[in-house]
Amino acid sequence: MLDIKYLRQNLEAVRRKMNERGQNIEFDRFIGLDAKRRDILQAVETLRNERNSVSRQVGELKKKKEDASALIAKMGDVSAKIKEYDETLRVTEEELNAFVMIVPNVQHESVPQGGSSEDNAVVRTWGEKPSFCFAPKQHFELGESLNILDFGRGAKITGARFTLYRGAGAQLERAITNFMLDLHTANHGYTEVFTPFMVNAESMTGTGQLPKFKEDLFKIEGMDYYLIPTAEVPVTNIYRDEILEEDKLPVYLVAYSACFRAEAGSYGKDTRGLIRQHQFNKVEMVKFSKPEASYDELEKLTANAEEVLKRLGIPFRTVCLCTADLGFSSAKTYDVEAWMPGQDTYREISSCSNFEDFQARRAAIRFRRKDSGKVEFVHTLNGSGLAVGRTVVAVLENYQQADGSVIIPEALRPYMRGLERITP
RNA sequence: GGAGAGAUGGCUGAGUGGCCGAAAGCGAUCGCCUGCUAAGCGAUUGUACGCCCUUUAAAGGUGUACCGCGGGUUCAAAUCCCGCUCUCUCCGCCA
């Protein structure tokens, strides 16, 4: 959510930024609502002031046992008027709020302009793509022939986009999760947290999933609870409605969670395999930072995600998302894309974003400056570190052998009870 | 699921209709005092949204709202009434 005052005072600049993002926002409606709100607010506050002072007089008169009925009669009208204004104010604020809640964040000046993901800027590439003396297979072929991924039974148990892991496959998923959590906690300074996988509507609104992206979420029937699409939601909301002390910042948190996404509108995309599931596992890094440090923190966060792939020996490239590809809440995002030989392409495996104060304002996450005592919004950041299922895909495809077996990267072997190779 | 108790500022905790944005204590900040430490003395110490002033900043002035959340009664609600949420205790059930 953008600051209403900022929006009012920088309307033309924001309008330009939104045009760059391909967003057509009715700012004229905003101006009208904002002006209306302030008019009503002033009127109703004047009336309240009157009521407060007259009520005080009534109290004094009654204490002196004098007659106050004239004043009381007069205030009946005033109270009725206040009630009327209050209702108009409520409706106006609701509309205004609904408006600002669906305006995306303003992108950072370093974000490239573009019309599609084609215009994302590659900022670096790492690693050497493996060469094969045979045609490399896709992960779902490998997974099925190794009997470690069972898509048919996943579909039977639940439906499309759900997968059953088995044996070394299940173990690999767990190994990757633990490897990543250990790396971020032991070497990158994060504190591990474990959160609920269901959250309420306030939490979803705080991080920006609601109200605009309701159709992407699974909702629990008969309750105001939603399945989390990412641990970003519960972890960022840890400090919702709180004021942190400056010397606590930055806060680094990392969490494993299952993630649930309805994937509405992605019919026909990545229908085979683990790439796009309704349920998947992810290790998520979340940071709460002072505003002046947040872009340095974004670089470090992205490097933390890349480090996972370096240790696994999986080639990747990092791209800076262009205006067309940038998410609703983000001011700047780097995607880390792992090389997938079976698909002969790079696929997103981590997305690292700086939300600046966009989420913090929605969720009221603030901190107090030590020297001035002033309260400010923190900047929030998060990044996958990494998507576990897609890391399984990357391991299977990059480490596949001519005989159909898959070598386990050395970094994972301690987590696989020493297993060096998955064979049929 | 049943019965009961509770929710007040950074924390503890008082407050059953007007003098309450809220006592007292703790904590914190600033100042004074003390040879140092400790103690002592004094002052300050919530958030949000308007308006005025000002360079659309800061500071200042002023108003309004907020005592779990949402309604209601009343000239007036932290206080009375209704609904909800959460916490605690006991019983039942349960991994």
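So, here is what we can say about the structure in this document.

Observations regarding the protein's contact with RNA strand B
Logical step 1: Around RNA strand B sit 24 residues, and of these R37, N49, S55, S79 and R368 come closest.
Logical step 2: Taking all atoms of RNA strand B within 4 Å of the protein, the share assigned to sugar and phosphate is 74%.
Logical step 3: In the model, a phosphate oxygen of RNA strand B is placed 3.1 Å from a nitrogen or oxygen of the R38 side chain.
Logical step 4: Between a base nitrogen of RNA strand B and a main-chain N or O atom of S55, the distance comes to 2.7 Å.
Logical step 5: The set of elements that each furnish at least two residues to the surface near RNA strand B consists of helix 1 (4-9), helix 3 (27-63), helix 4 (69-101) and strand 13 (365-368).
Logical step 6: Partitioned by chemical class, the residues of the surface near RNA strand B number five nonpolar, seven polar and 12 charged.

Some remarks on the sheet that holds strand 4 (residues 191-193)
Logical step 1: Read across the sheet, eight strands follow the order 1-10-11-12-15-9-8-4 without closing on themselves; strand pairing throughout is mixed. Single-partner strands in this sheet number two, and they are strand 1 (121-126) and strand 4. Mean inter-strand twist for the sheet, computed between neighbouring axes without regard to direction, equals 25°.
Logical step 2: Sheet topology note: the strand 12 (residues 345-354)/strand 15 (residues 379-387) ladder contains three bridges and is antiparallel. Bridging across to strand 15, C352 finds its partner in G383.

What about the sheet that holds strand 13?
Sheet strands associate in pairs through backbone hydrogen bonding, adopting either a parallel or an antiparallel arrangement.
Logical step 1: The sheet built from three strands is open, its strands ordered 7-13-14 with mixed pairing. Edge positions in the open sheet fall to strand 7 (242-245) and strand 14 (375-377), since each of these has one partner strand only. Between one strand axis and the next, the sheet turns by 40° as a mean value, whatever way the strands run.
Logical step 2: Two strands pair when backbone bridges link them, and strand 13 and strand 14 are joined in this way by three bridges, in the antiparallel orientation.

Overview of the nonpolar core
Logical step 1: The biggest cluster of nonpolar side chains holds 51 residues, and the ones touching the most others in it are L172, I176, M180, L309, I314, L396 and L412.
Logical step 2: Among the elements that take part in this core, helix 7 (residues 168-187) stands out by supplying eight residues, more than any other.
Logical step 3: When residues no more than four places from it in sequence are discounted, the contact partners of I314 are W126, L309, A338, W339, A394, V395, N398 and Y399.
Logical step 4: The next biggest cluster of nonpolar side chains, apart from the first, holds 18 residues, and it includes L11, M18, I25 and F27.

Considering the packing of helix 3 against helix 4
Logical step 1: Here helix 3 crosses helix 4 at 155°, and the two axes come no closer than 8 Å. Taken together, the axes of helix 3 and helix 4 lie roughly antiparallel to each other. Seen along the crossing, helix 3 lies across helix 4 with a hand that is left-handed.
Logical step 2: The class makeup of the residues in the contact of helix 3 with helix 4 is 21 nonpolar, four polar and 13 charged.

Some words on the packing of aromatic side chains
Logical step 1: Inspection of the entire model under this criterion finds 13 aromatic pairs.
Logical step 2: Between F30 and F99 the ring centres are 5.6 Å apart and the planes differ by 25°, which places this aromatic pair in the stacked class. Taken together, the residues span a long stretch of sequence, with F30 in helix 3 and F99 in helix 4 at a distance of 69 residues. With respect to class, F30 is no different from F99; both count as buried.
Logical step 3: The interplanar angle of 10° and the centroid separation of 6.4 Å between the aromatic rings of F194 and Y256 together place this pair among those described as stacked. Taken together, the positions of F194 in the loop between strand 4 and strand 5 (198-200) and Y256 in strand 8 (residues 251-260) put the pair 62 residues apart, joining distant regions of the chain.
Logical step 4: A relative accessible area of 21% places Y256 in the partly exposed class.
Logical step 5: Sitting over the face of the ring of W339, K129 holds its NZ or CZ atom 4.1 Å from the ring centroid.
Logical step 6: Above the face of the Y226 ring, K219 is positioned so that its terminal group lies 5.5 Å from the ring centre.

Parameters at a glance
Positions within a chain are numbered from 1, following the residues in the order the chain's sequence is written. Here the convention is simple: chains get letters from A, ligands get numbers from 1, in the order in which they are written. Side-chain atom pairs in this predicted model are given and counted only at pLDDT of 80 or more, local residue features only at pLDDT of at least 70, and totals for whole chains, interfaces and linings cover all residues. The side-chain quantities take in all heavy atoms of the structure and omit both hydrogens and water. Near is defined per residue: the residue qualifies when any heavy atom it owns lies within 4 Å of the molecule or strand. Within 3.5 Å is the distance limit for a polar contact, defined as a pair of N or O atoms, with the added protein rule that one can donate a hydrogen and the other accept it, and that residues adjacent in sequence qualify only through two side-chain atoms. Labels follow the DSSP assignment, with helices taken as runs of H or I lasting at least four residues and strands as runs of E lasting at least two, numbered in each case from the N terminus. Throughout this entry, Asp, Glu, Lys and Arg are counted as charged residues, while Ala, Val, Leu, Ile, Met, Phe, Trp, Tyr, Cys and Pro are counted as nonpolar. The remaining residues, Gly among them, count as polar. We call two strands paired when DSSP finds no fewer than two bridges between them. Angles shown run from 0 to 180 degrees and are taken between the N-to-C directions of axes, each axis being a line fitted to C-alpha atoms and, for helices, limited to the stretch in contact. Among the buried residues, those of types Ala, Val, Leu, Ile, Met, Phe, Trp, Tyr and Cys that are joined through side-chain atoms within 4.5 Å form a nonpolar core. Summary of the burial criterion: residues with accessible area below 20% of their type's maximum are buried, those above 50% are exposed, and those between are partly exposed, where the area comes from a 1.4 Å probe applied to protein chains only. Any pair of residues with heavy atoms lying within 4.5 Å of one another is described as a contacting pair. If an angle is under 35 degrees, it is roughly parallel; if it is over 145, roughly antiparallel; if it lies from 65 to 115, roughly perpendicular; otherwise it is oblique. Rotating anticlockwise by less than a right angle from the far helix to the near helix defines a left-handed crossing, while the corresponding clockwise rotation defines a right-handed one. Each Phe, Tyr or Trp ring (for Trp, its six-membered ring) is paired with any other whose centre lies within 6.5 Å, and the angle between the two planes then decides the class: stacked below 30 degrees, edge-to-face above 60, tilted in between. Criterion for a charge above a ring: Lys NZ or Arg CZ within 6 Å of the ring centre, and within 35 degrees of the ring normal.

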